[in-house]
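Working through the structure, step by step
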Amino acid sequence: MSAASAEPIVDIRDVHQSFGKVEVLKGISLSVPKGGVVCIIGPSGSGKSTLLRCINGLVPIDQGSIRVADFYVHKLVTDQEKIALRKEVSIIFQQYNLFPHKTALENVMMAPVHVLKENKDEVRVRAVVLLKKVGLSAKADVYPGELSGGQQQRVAIARSLAMRPEVMLFDEVTAALDPETVKEVLNTIRELAQEGMTCMLVTHEMRFARELADVVYFTDGGVIVESGPPAELFDRPVKERTRAFLSQIL
Amino acid sequence: MSRLRWNDPLPQATDLPVLLPAAARLARNSAAQRATDAFSLHLLPAHGVALLVLFLIGCGWAEAQVQPGQPSILATLWKWTPVLLRGFLFNLAISAVAMAAGTIVGLFLGFAQISLLPPVRKGAWLTTHFFRNAPWLVLLFYCMFLLPFQVTAFGMTIPIPDWIKATLGLSLPVMANVSEIVRGAIQSIPTTQWESAASLAFNRRQTLWMIIFPQCIKRMLPPWMNLYAILTMATVLTSIVGVNEMMGLTRQALSAENRSGLLLAFYSYVLFWFFLYCYPIARWTVRLEARYAVND
């Protein structure tokens with residue numbers, strides 16, 4: 001990618017993190033250029049999701065450094081500081097986590113109106129456009145409980161986009177969906193990536209990772225085992241562990 | 001990855017990732033259940049029938065003892081009904097005021113119970129559990145005898161009537177129970193809602209007010225209504241400390257009549273009025289519970 005020379009927008013160095021005595025991340029380093037798309041693959045429990053949560057400050061790290069744009073995430077202490085970071089970094093969860101008492105449109109509008117304090121009418125216009133973008137114009141006034149999983153996930157993506165983040169983190173966003181709806185969500189993400197949004201995806205969709213990613217990281221046991229462009233990592237994995245993992249799923 | 005946080009209702013009972021969502025749901029439901037169960041009032045139609053039978057037996061018994069020249073038992077009940085109903089309205093007024101006061105203070109106390117500041121949280125916890133576990137009658141007596149019967153301020157002497165003190169006494173356990181209802185409801189909302197709000201840059205106050213608490217209201221409504229029905233029935237306790245509500249007036253009516261055999265008829269008549277008022281509340285609560293259980 002041409003962005004290689006520029007300063008990366010996400011820069012993670014030697015991150016360690018543990019829950020109690022269980023060390024989940026054992027020294028992870030990676031960086032993402034602006035507009036880059038990075039996929040993280042690996043077996044369950046290898047710390048992929050935790051890594052994403054560390055990036056937007058939901059989970060504190062024990063050691064190492066994380067920088068996102070101008071924010072040194074590991075140094076953020078107060079809520080105020082973390083809130084400033086989270087305006088730039090959005091995370092989308094496996095379980096959608098929409099607000100069940102608000103309609104799809106209200107879900108999208110809430111954060112810009114109340115957090116960014118933007119004008120409500122302007123936000124509404126933007127929210128309508130975003131819902132159209134994810135193909136859910138007709139569902140604006142519907143509550144999450146009446147939407148399918150795929151639709152809920154696309155509302156969640158629109159909700160994140162409404163904050164105009166610099167970086168979007170996707171935490172196994174298709175893992176809870178049935179195969180048909182997976183496609184709807186992946187198409188939405190593909191569009192975002194092609195428009196130049198910086199994306200980090202934790203995913204089990206290998207074909208999608210191969211198609212979209214600039215770099216794929218394979219993690220296992222809290223470390224990055226191997227990384228590289230998808231063509232190399234998927235077709236000519238160097239490490240034995242990577243080969244074993246890929247042979248299981250491909 | 002699950003991490004123990006202040007609002008985790010129960011430790012996850014399983015380490016199997018597949019079961020974690022189910023375990024979380026179970027834990028959540030049981031937390032909501034606990035908040036509700038504490039004052040579940042199970043009034044059934046059969047209770048109404050039993051009450052009617054009791055009343056008829058009472059009337060029959062009293063009727064059998066009527067001396068020549070005395071009015072019949074039903075005529076006597078009818079004669080006293082306006083007085084007794086005035087007393088009953090007083091019961092309802094006490095219950096409404098105690099409920100309103102207890103709810104307002106209880107809401108604050110409930111929020112204080114989930115405060116991030118340990119002194120606030122622990123103080124609220126202690127207050128809640130003290131008043132929740134103290135016998136209602138004891139609290140009532142404390143309020144009656146520890147509060148002055150009048151206050152003097154700016155040269156004016158304002159008397160505090162007994163019924164106000166009694167109402168205050170009853171609002172204390174209401175406050176503590178509302179506090180627990182609020183805490184239970186907030187903690188029954190999945191932590192993922194907090195995470196989701198945090199990742200959209202909401203602060204804690206906004207998250208609580210705009211996202212968590214609105215979802216709590218429908219969970220809080222059934223136990224809150226149950227609490228109200230129980231409070232209404234507890235208002236008769238105030239007769240012990242001399243408030244002229246229905247129970248006290250019934251006792252006065254009985255001593256004025258000075259006839260044997262009226263006891264069962266009169267008290268089952270009182271019971272009947274309370275049943276008439278509380279039964280619809282109890283049924284409505286059950287319906288709400290069922291509806292919300294499905295929608296969750």
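Residues numbered from 1 in each chain as written. Chains lettered and ligands numbered in written order. Predicted model: local features only at pLDDT ≥ 70, side-chain atom pairs only at ≥ 80, totals over all residues. Heavy atoms only, no water.

For the rest of this paragraph, the subject is the pairing of strand β2 (residues 22-32) of chain A. Two faces, one strand: in a regular strand the side chains alternate between the faces of the sheet. Residue and element names in this part refer to chain A. Direction of pairing for strand β1 (residues 10-19) relative to β2: antiparallel, over a ladder of eight bridges. Residue pairing across strands places Phe19 opposite Val22, the latter belonging to β2. Between the antiparallel neighbours β1 and β2 lie two residues, among them Gly20 with a positive phi of about 60°. (Pairing = 2+ DSSP bridges. Helix = DSSP H or I, 4+ residues; strand = E, 2+ residues; numbered from the N terminus.)

Right, let's get into the nonpolar core. One broad rule of soluble globular proteins: the nonpolar side chains tend to lie buried together. A:Ile41, A:Leu131, A:Ile157, A:Phe170 and A:Ile189 are the most contacted members of the largest nonpolar core, which totals 51 residues. Ranked by the residues each element gives to this core, the list is headed by helix α6 (residues 179-194) of chain A, at six residues. Of the domains in this structure, domain 1 (2-88 + 166-249) and domain 2 (99-164) of chain A are the two that each give at least three residues to this core. Aside from chain neighbours lying at most four places away, what touches A:Phe170 is A:Leu52, A:Ile92, A:Ile157, A:Ile189, A:Leu192, A:Cys199, A:Met200, A:Leu201 and A:Val202. Ranked by size, the runner-up nonpolar core spans 50 residues in total, among them A:Val115, B:Phe111, B:Leu208 and B:Leu227. (Core = buried A, V, L, I, M, F, W, Y, C linked by side-chain atoms within 4.5 Å. Buried < 20%, exposed > 50% of the residue type's maximum accessible area, 1.4 Å probe, protein only. Domains from an automatic or database assignment. Contact = heavy atoms within 4.5 Å.)

Moving on to the domain arrangement of chain A. All names here are of chain A. Domain assignment breaks chain A into domain 1 (2-88 + 166-249) and domain 2 (99-164). When each unit is reduced to the centre of its C-alpha atoms, the spacing between domain 1 and domain 2 is 25 Å. At the interface, 15 residues of domain 1 touch 14 residues of domain 2. For the pair domain 1 and domain 2, the summed buried surface comes to about 1,100 Å²; carbon and sulfur atoms form 67% of the total. Counting across the interface, domain 1 meets domain 2 through two salt bridges. Notably, a salt bridge pairs Glu195 with Lys133, separated by 2.6 Å at the nearest N-O pair. Between domain 1 and domain 2 we count three residue pairs in polar contact (both at pLDDT 80 or more) in total. (Buried area = accessible area lost by both parts, 1.4 Å probe. Salt bridge = Lys/Arg side-chain N within 4 Å of Asp/Glu carboxyl O. Polar contact = N/O pair within 3.5 Å; in protein donor to acceptor, adjacent residues only side chain to side chain.)

In this section: the interface of chain A and chain B. Between chain A and chain B, the residue contacts involve 26 residues of the former and 18 residues of the latter. Counting the surface lost from both chain A and chain B, the interface buries some 2,000 Å², and carbon and sulfur atoms represent 65% of this. Considering only the surface of chain A that becomes buried against chain B, A:Phe19, A:Phe99 and A:His101 emerge as the three largest contributors, covering 24% of it. On inspection of chain A and its partner chain B, the count reaches one salt bridge. Residue A:Arg53 is joined to B:Glu195 by a salt bridge in which the shortest nitrogen-to-oxygen separation is 2.6 Å.

All names here are of chain B. Within the structure shown, the criterion is met by 16 aromatic pairs over all chains. For the ring pair Phe111 and Phe213, a centre distance of 5.2 Å and an interplane angle of 55° mean the geometry is tilted. Of this pair, Phe111 sits in helix α3 (residues 73-113) while Phe213 sits in helix α8 (residues 204-234), placing them 102 residues apart in sequence. Residue classification places Phe111 among the buried positions, given a relative accessible area of 16%. Given a relative accessible area of 11%, Phe213 falls into the buried group. Between the aromatic rings of Trp209 and Phe213, the centroid separation amounts to 5.5 Å while the plane-to-plane angle is 70°, which identifies the pairing as edge-to-face. Separated by four residues within a single helix, Trp209 and Phe213 lie in helix α8, roughly one turn from each other. One aromatic cluster is present, formed by Phe55, Phe88, Tyr228, Tyr269, Phe272, Trp273, Phe274 and Tyr277 through successive ring pairs. (Phe/Tyr/Trp six-rings, centres within 6.5 Å; stacked < 30°, edge-to-face > 60°.)

Overall, the coordinates contain 16 salt bridges over all chains when judged by the stated rule. Notably, a salt bridge pairs A:Arg13 with A:Asp11, separated by 2.9 Å at the nearest N-O pair.

The next thing to look at is the sheet that holds strand β6 (residues 89-92) of chain A. Residue and element names in this part refer to chain A. Sheet architecture is open: six strands sit in the order β6-β7-β8-β3-β9-β10, paired in mixed fashion. At either margin of the open sheet sits one strand with a lone partner, and together these are β6 and β10 (223-228). Strand-to-strand twist across the sheet, computed as the mean angle between neighbouring axes with direction ignored, equals 20°. Sheet analysis places strand β3 (residues 37-41) next to strand β9 (residues 215-220), joined by four bridges and oriented parallel. Note on β9: the bridge partner recorded for Val38 is Val215. (Axes fitted to C-alpha atoms, helices over the stretch in contact; angles between N-to-C directions.)

What follows deals with the pairing of strand β8 (residues 198-202) of chain A. Residues and elements named next belong to chain A. Counting buried positions over the five residues of β8 gives five, a clear majority of the element. Every second residue of β8 is oriented toward a common face, with Thr198, Met200 and Val202 on one face and Cys199 and Leu201 on the other, all of them buried. Here four bridges tie β3 to β8, and the two strands are oriented parallel to one another. Looking at the pairing, Ile40 lines up with Val202 of β8. When strand β7 (residues 167-171) meets β8, the two strands line up parallel, connected through five bridges. By the bridge assignment for β8, Phe170 is matched with Leu201.

Residues and elements named next belong to chain A. Read from one edge of the open sheet, four strands run β2-β1-β4-β5, paired in antiparallel fashion. Edge positions in the sheet fall to β2 and β5 (71-72), since each of these pairs with one other strand and no more. Examined bridge by bridge, strand β4 (residues 63-68) and β5 share two bridges and lie antiparallel to one another. Bridge pairing links Arg67 to Tyr72 in β5. On the sheet, helix α1 (residues 48-55) packs against β1, β2 and β4 and is oriented at approximately 65° with respect to β2.

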